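Listed here are the chains, written in short residue letters.
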Amino acid sequence: SIDNTDVLTDVGSGTGNVVVQIFANTPIRSVRGIEFIKARHLDAVRHGDAFKKAFKTDPSRDLQFVNGDLCKEDYSDSTIVFANSLCFTDALM
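Criteria and cut-off values
Residues numbered from 1 in each chain as written. Predicted model: local features only at pLDDT ≥ 70, side-chain atom pairs only at ≥ 80, totals over all residues. Heavy atoms only, no water. Core = buried A, V, L, I, M, F, W, Y, C linked by side-chain atoms within 4.5 Å. Buried < 20%, exposed > 50% of the residue type's maximum accessible area, 1.4 Å probe, protein only. Helix = DSSP H or I, 4+ residues; strand = E, 2+ residues; numbered from the N terminus. Contact = heavy atoms within 4.5 Å. Pairing = 2+ DSSP bridges. Axes fitted to C-alpha atoms, helices over the stretch in contact; angles between N-to-C directions. Phe/Tyr/Trp six-rings, centres within 6.5 Å; stacked < 30°, edge-to-face > 60°. Salt bridge = Lys/Arg side-chain N within 4 Å of Asp/Glu carboxyl O.

Before going further, it helps to examine the nonpolar core. Counting residues in each nonpolar core, the largest one holds eleven residues, listed as Leu-8, Val-19, Val-20, Ile-22, Phe-23, Ile-28, Val-31, Ala-44, Phe-51, Leu-63 and Phe-65. Elements that contribute at least two residues to this core include exactly α1 (17–25), α2 (38–54) and β3 (62–67). At four residues, the largest contribution of residues to this core is made by α1. Excluding residues that lie within four positions of it along the chain, Ile-22 makes contacts with Leu-8, Ile-28, Val-31 and Arg-61.

Written as structure tokens, this is what we have:
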């Protein structure tokens, strides 16, 4: 079961919808999105900031967005990794 010890990383997180939704609706300690495309990453940061501004969030929990390459970023602390593989080629998966 998912609890407050988990760390979730969404690889290819796009505009951050899944990351914010998981942060809002689960007790997961840290939710991270990694997105390569800068414009999508910036949208995700805006969405995360808007969520935090609109709702009180527990300061012990972490919502973060990384503009980077999922093959180069370190997310080895993740207990859950999510990838919407419809967007990825078979070779990448």
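Now that the structure has been shown, the text picks up again.
Read from one edge to the other, the open sheet built from four strands follows the order β3-β2-β1-β4, with strand pairing classed as parallel. The open sheet is flanked by β3 and β4 (80–82), the only strands paired with a single partner. Sheet twist, expressed as the mean angle between neighbouring strand axes with direction ignored, is 15 degrees. Pairing between strand β1 (residues 7–11) and strand β2 (residues 30–35): five bridges, direction parallel. Each residue of the ladder has a partner; that of Val-7, found in β2, is Ser-30. Contacts from α2 reach β2 and β3, with the element oriented near 165 degrees to β3.

One pass over the structure, following the stated rule, counts two aromatic pairs. Consider the rings of Phe-51 and Phe-55, whose centres lie 5.0 Å apart with planes at 35 degrees: the pair is tilted. The class for Phe-51 is buried, based on a relative accessible area of 15%. Judged by relative accessible area, which is 48%, Phe-55 ranks as partly exposed. Counting every residue linked through ring pairs, the aromatic cluster contains Phe-23, Phe-51 and Phe-55.

With respect to the helices and strands, the residue Arg-29 is situated in the loop between α1 and β2. Given the relative accessible area of 39%, Arg-29 is considered partly exposed. In the structure, Arg-29 is positioned 27 residues away from Ile-2 in sequence and 9.9 Å away in space, judged by C-alpha atoms. Contact partners of Arg-29, with chain neighbours within four places excluded, come to Asp-3, Asn-4, Thr-5, Asp-6, Val-7, Ser-60, Arg-61 and Asp-62.

Let us now look at the pattern of salt bridges. Here the structure, examined in full by the defined rule, presents two salt bridges. Here Arg-32 makes a salt bridge to Asp-77, at a shortest N to O gap of 3.0 Å. Here Asp-77 lies in the loop between β3 and β4 and Arg-32 lies in strand β2, a separation of 45 residues in the sequence.

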